[in-house]
Amino acid sequence: MTILVTGNLVRSLKPSTQGLARIRQARQRITLERGWAIDRPQWLEQASQYLPLEKNGKGMMSASVGISTWKRFLAGKPIKATNFKAFCQVLGLNWQEIVDADTVICPQGGTEHEEASITHHAPKQEVGENLIQNSKSSLAKVGIVTGTAKTPTSRKIQNRVDWGEAMDVSVFYGRTEELATLKQWIVQDNCRLVGLLGMGGIGKTSLSVKFAQQVQHEFKCAIWRSLQNAPPVNDILATLIQILSNQQETPANLPENTSFRITRLIEYLRFSRCLIILDNAESIMQAGAVAFQYRPGYEGYGELIKRVGETFHRSCLILTSCEKPQELAALEGESLPVRVLKLTGLHEKEARAIFQAKGTFTGTPEEWKELIQHYVGNPLALNMVASAIRDVFGSSISDFVKPLKAEAWDFTDISQLLERQFNRLTDLELEVIYWLALDREALEFSDLKDEIISPQLKQQLPEILKCLTRKSLLEINNGLFTLQPMVMGYVTNLLIAKIYEEIETISINLLNSHALYKAQAKDSVRDTQIRLILKPINDRLIHRFRGKSNLEKQFDKILSDWQTKYPLTPGYIADNMINLLNLLKSDGKEKI
Ligand SMILES: Nc1ncnc2c1ncn2[C@@H]1O[C@H](COP(=O)(O)OP(=O)(O)O)[C@@H](O)[C@H]1O
Ligand SMILES: [Mg+2]
């Protein structure tokens, strides 16, 4: 196809027959989603955001386009090239896929690449500056523009970052190649969707945070969020839109419909160059499913991934995950704007640095190699193993590697490694781990202490936290304690299995020592507790007791037995049983 190159010449473009059909489809979808009738001024306001600035006296102002041009465009008639491209952008279409090849002329010296760069890369003038002149535009109100100077060129667009609860990556070794690849893809090639995949503990989260820190200045806005607690897609969309709109749009004034929210998000992704990282995407996928599946109710994430990958915009979404979402698989390609980086383990030098940070270890070069290869350079595994070798094997790599060779200690698999770590924990350490899994969020020492009942545990808490940190099971960030993410997933499953067993066999322990649901916690924490802990417990029990009414009887029995036998014992059992019962009665509405 020949391609028009901009210059002083004004060229006209019109859509191909197929292009026109796509224009109509896109226009209808947006009308449906946003309620803009065909002749509403919003189309023109939006389009003017994508038009180049024009001279206005001494300053610059955004160009405008009239309703008759819009109607000519919709009718498939030729219009000025800049307007044509702007309208395509409003409709979320790539103009090069829409245009009638015969109307496109390649003047001397022009190359396809030059013109493509106008569409695929951020415009020379920041789109935000266009907007300042356009006070009617809803996006102009988003407030990412600061300063009071009168001309747009003198205004600065503020860079904003929102790291959420991103982990501390001050200790970070190697990964120079991976960081360079990500930079090439995202900053230079303008990829709009990138999957960062790899097994648990391999370093996806750390790399994503490090990368975001390194390139944040390239973006108007950089946001990092974890999906570890499986937030509903509408909540995540609301959070993102709220941040991107500089708090102008709140959940209350956003449409309930997920597709509409995604459309709104994409508007912001077009409007300015943003980097969004969603970590732990495997949390929204069905564990143990044979074929790839989202958890029930989380299918909206599929639409989000698909549309962010397919639609033209100037931003990038990075997803980190152990599993590859099918939408990513369908869209990815080496020279496409959707790519996947598969993360492998650390090199030997960096792997050894992890050990060195924990002390001095002894071993021959072969033993070191063997150890690191055994754990495929997985930094989480290496961290845990380093702690174990230091504490149990007197820091001797040789003593550890010998049984490894004899296959007496075969736990290549991370979950086996975790299991082994867990089998070595004391009861008090386990109690703390269970609390941290139930709390879901990082919390202060005093909050953790307050919820614990056992006086012995309260007293020994500082010592126990120190031990768990040494064992690399805990993370401490700004004085707040939480579990290492992989550990959190593992403990949650363990906890569910234990509570299930306690209810099934009426042998009460955790059910009284720990609160499964914290009525006074933040909404998001309570929602997570219901979704990830209480509901899975109930679901399994309903199956086991063949129906809700039998299970209700079991709950009643547990509670009345306990109250008869231990009326004065402090604990959480009554609250727990009532909460499980209320959830059971709420008929799957997931409300207590
Ligand atoms: N490049 C690295 N250098 C040092 N430690 C690392 C590195 N990458 C990961 N880690 C450590 O390994 C552990 C697991 O990393 P994480 O990023 O949480 O893995 P994932 O997200 O793949 O499960 C964390 O404790 C982290 O601090
Ligand atoms: Mg992670």
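Above this note sits the structure.
Residues numbered from 1 in each chain as written. Chains lettered and ligands numbered in written order. Predicted model: local features only at pLDDT ≥ 70, side-chain atom pairs only at ≥ 80, totals over all residues. Heavy atoms only, no water.

Caption draft 1: Structural view of the overall build of the protein chain. Looking only at helices and strands, one finds 26 helices and 14 strands in the protein chain. For the protein chain, the proportion of its 592 residues judged to be buried stands at 52%. For the protein chain, the accessible area works out to roughly 27,200 Å², and carbon and sulfur atoms hold 50% of it. (Helix = DSSP H or I, 4+ residues; strand = E, 2+ residues; numbered from the N terminus. Buried < 20%, exposed > 50% of the residue type's maximum accessible area, 1.4 Å probe, protein only. Areas by Shrake-Rupley, 256 points an atom, 1.4 Å probe, with all protein chains shown as cover.)

Caption draft 2: Focus on the environment of R390. Examined against the element boundaries, R390 turns out to sit in helix α16 (residues 379–392). Residues R390 and T360 lie 30 residues apart in sequence; the distance between their C-alpha atoms is 8.6 Å. With sequence-adjacent residues up to four places away left out, R390 is seen in contact with K358, F361, S395 and R470. A polar side-chain atom of R390 sits 3.5 Å from the main-chain carbonyl oxygen of K358. (Contact = heavy atoms within 4.5 Å. Polar contact = N/O pair within 3.5 Å; in protein donor to acceptor, adjacent residues only side chain to side chain.)

Caption draft 3: The arrangement of the pairing of strand β9 (residues 221–226) in detail. Most of β9 is tucked away, with five of its six residues classed as buried. Two elements, strand β7 (residues 160–162) and β9, share three bridges in a ladder whose sense is parallel. Looking at β9, one finds that D162 is bridged to I223. As judged from the six bridges shared by β9 and strand β10 (residues 274–279), these two strands associate in the parallel manner. Paired with R225 across the two strands is L278, which belongs to β10. (Pairing = 2+ DSSP bridges.)

Caption draft 4: Representation of the sheet that holds β9 in the model. Spatial strand order, β7-β9-β10-β11-β8-β12: six strands in an open sheet with parallel pairing. The two strands at the open ends of the sheet, each matched to only one other strand, are β7 and β12 (338–342). If you compare each strand with its neighbour and ignore which way they point, the axes differ by 10° on average. In terms of strand pairing, strand β8 (residues 193–197) meets strand β11 (residues 316–321) through five bridges, oriented parallel. When the sheet's bridge partners are listed, L197 is paired in β11 with S321. Contacts between helix α9 (residues 204–215) and the sheet are confined to β8, β9, β10 and β11, with β10 contributing the most and set at about 165° to the helix. Sitting on the sheet, helix α10 (residues 233–244) touches β7, β9 and β10, and the angle it makes with β9 is about 155°. (Axes fitted to C-alpha atoms, helices over the stretch in contact; angles between N-to-C directions.)

Caption draft 5: Highlighting the side chain of R314. Note that R314 resides in the loop between α12 (300–310) and β11. Of the polar contacts made by the side chain of R314, one reaches the backbone oxygen of F271; its length is 2.7 Å.

Caption draft 6: Molecular detail of the environment of E366. Summarising the element assignment, E366 is placed in helix α15 (residues 365–374). Here the alpha-carbon distance between E366 and S398, two residues 32 residues apart in the chain, equals 9.7 Å.

Caption draft 7: Here's a closer look at the site of ligand 1. Taken together, 18 residues sit near ligand 1, with Y173, G201, K204, T205 and S206 positioned nearest. Within the backbone of I202, an N or O atom sits 3.3 Å from an oxygen atom of ligand 1. A distance of 2.6 Å is found between an oxygen atom of ligand 1 and a side-chain nitrogen or oxygen belonging to T205. The protein chains hide 90% of the 550 Å² of surface that ligand 1 would expose on its own. Those elements that provide at least two residues to the shell around ligand 1 are α9 and α16. Residue composition of the shell around ligand 1, grouped by class: nine nonpolar, seven polar and two charged. If you count residues domain by domain, the shell around ligand 1 takes at least three from each of domain 2 (160–342) and domain 3 (348–405). (Near = heavy atom within 4 Å. Nonpolar A, V, L, I, M, F, W, Y, C, P; charged D, E, K, R; others polar. Domains from an automatic or database assignment.)

Caption draft 8: How the structure looks around the packing of aromatic side chains. In total, this model carries 13 aromatic pairs according to the counting rule given. Pairing F393 with F400 gives two aromatic rings, centres 5.4 Å apart and planes at 85°, and the pair type is edge-to-face. When sorted by exposure, F393 lands in the same class as F400, which is buried. When the centroid spacing of 5.0 Å and the interplanar angle of 55° are considered together, the rings of F422 and Y490 count as tilted. Placement of the pair is F422 in helix α18 (residues 414–423) and Y490 in helix α22 (residues 485–505), with a sequence separation of 68 residues. (Phe/Tyr/Trp six-rings, centres within 6.5 Å; stacked < 30°, edge-to-face > 60°.)

Caption draft 9: Region of the structure containing the pattern of salt bridges. In total, this model carries 21 salt bridges according to the counting rule given. For K518, the salt bridge is made with D439, and the minimal N-O distance between the two is 2.9 Å. In this pair, K518 is assigned in the loop between α23 (510–513) and α24 (523–544) and D439 in helix α19 (residues 427–439), connecting sequence segments 79 residues apart. The exposure class of K518 is buried, given its relative accessible area of 18%. (Salt bridge = Lys/Arg side-chain N within 4 Å of Asp/Glu carboxyl O.)

Caption draft 10: Local environment of the environment of K358. Within the secondary structure, K358 sits in the loop between α14 (348–356) and α15. Residues K358 and S395, spaced 37 residues apart in sequence, show a C-alpha to C-alpha distance of 9.7 Å. Polar contacts involving the side chain of K358 include one to the side chain of N383, which spans 3.5 Å.

Caption draft 11: Here's a closer look at the packing of α10 against helix α11 (residues 258–271). Here α10 crosses α11 at 30°, and the two axes come no closer than 10 Å. In terms of orientation, α10 and α11 fall into the roughly parallel class. Between α10 and α11 lies a crossing whose hand is left-handed. Residue-level contacts link V233, N234, L237, A238, L240, I241 and L244 of α10 to T258, R261, I262, R264, L265, Y268 and L269 of α11. Across the contact of α10 with α11, the residue classes break down as 10 nonpolar, two polar and two charged. (Parallel < 35°, antiparallel > 145°, perpendicular 65-115°, else oblique. Left-handed = near helix turned anticlockwise from the far one by under 90°.)

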